[in-house]
Amino acid sequence: MATIKITQVKSVIDRPKSQKDTIKALGIKKMHQTVEREDTPVIRGMVNKVSHLVTVE
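Fair warning: this is a prediction, and the values are worked out from it, not measured in the lab.

Overview of the overall build of the protein chain
For the protein chain, the count of helices and strands is 2 helices and 3 strands. Going from the N terminus to the C terminus, the protein chain shows its helices and strands as β-α-β-α-β. Against the globule reference of 10 Å for 57 residues, the protein chain gives a C-alpha radius of gyration of 10 Å, in line with a compact fold. Its C-alpha atoms give the protein chain principal-axis dimensions of about 35 × 20 × 15 Å. Here the protein chain holds 57 residues, and 28% of them are scored as buried. In the protein chain, the share of contacts with a sequence separation of at least 24, taken over all contacts with a separation of at least 6, comes to 72%. Element-wise, carbon and sulfur atoms account for 53% of the exposed surface of the protein chain, whose accessible area totals about 3,900 Å².

Considerations on the pairing of strand S1 (residues 3-8)
Here S1 pairs with strand S2 (residues 34-38) via 5 bridges, running antiparallel. If you follow Thr7 over to S2, its bridge partner there is Thr34. Where S1 lies against strand S3 (residues 54-56), 3 bridges are found, and the strand directions are antiparallel. Counterpart to Gln8 in the pairing with S3 is Val54.

Quick notes on the rules
Residues numbered from 1 in each chain as written. Predicted model: local features only at pLDDT ≥ 70, side-chain atom pairs only at ≥ 80, totals over all residues. Heavy atoms only, no water. Helix = DSSP H or I, 4+ residues; strand = E, 2+ residues; numbered from the N terminus. Rg over C-alpha atoms; globule rule 2.2 N^0.38 Å. Buried < 20%, exposed > 50% of the residue type's maximum accessible area, 1.4 Å probe, protein only. Contact = heavy atoms within 4.5 Å. Areas by Shrake-Rupley, 256 points an atom, 1.4 Å probe, with all protein chains shown as cover. Pairing = 2+ DSSP bridges.

Purely geometric stuff here, so don't read any function into it on its own.
In structure tokens form, the structure reads like this:
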């Protein structure tokens, strides 16, 4: 299956707890970290929820 690269570009400081938890669930631990995840509807939904904090390749 295809993979997508997700990079955090904005801080989670002063964001709602649900957005912080979503970033953590994606496996991102710090700023400018890039993780590769399989392109599934679940991952797409998580990325969509925090799209203003991450970039996707």
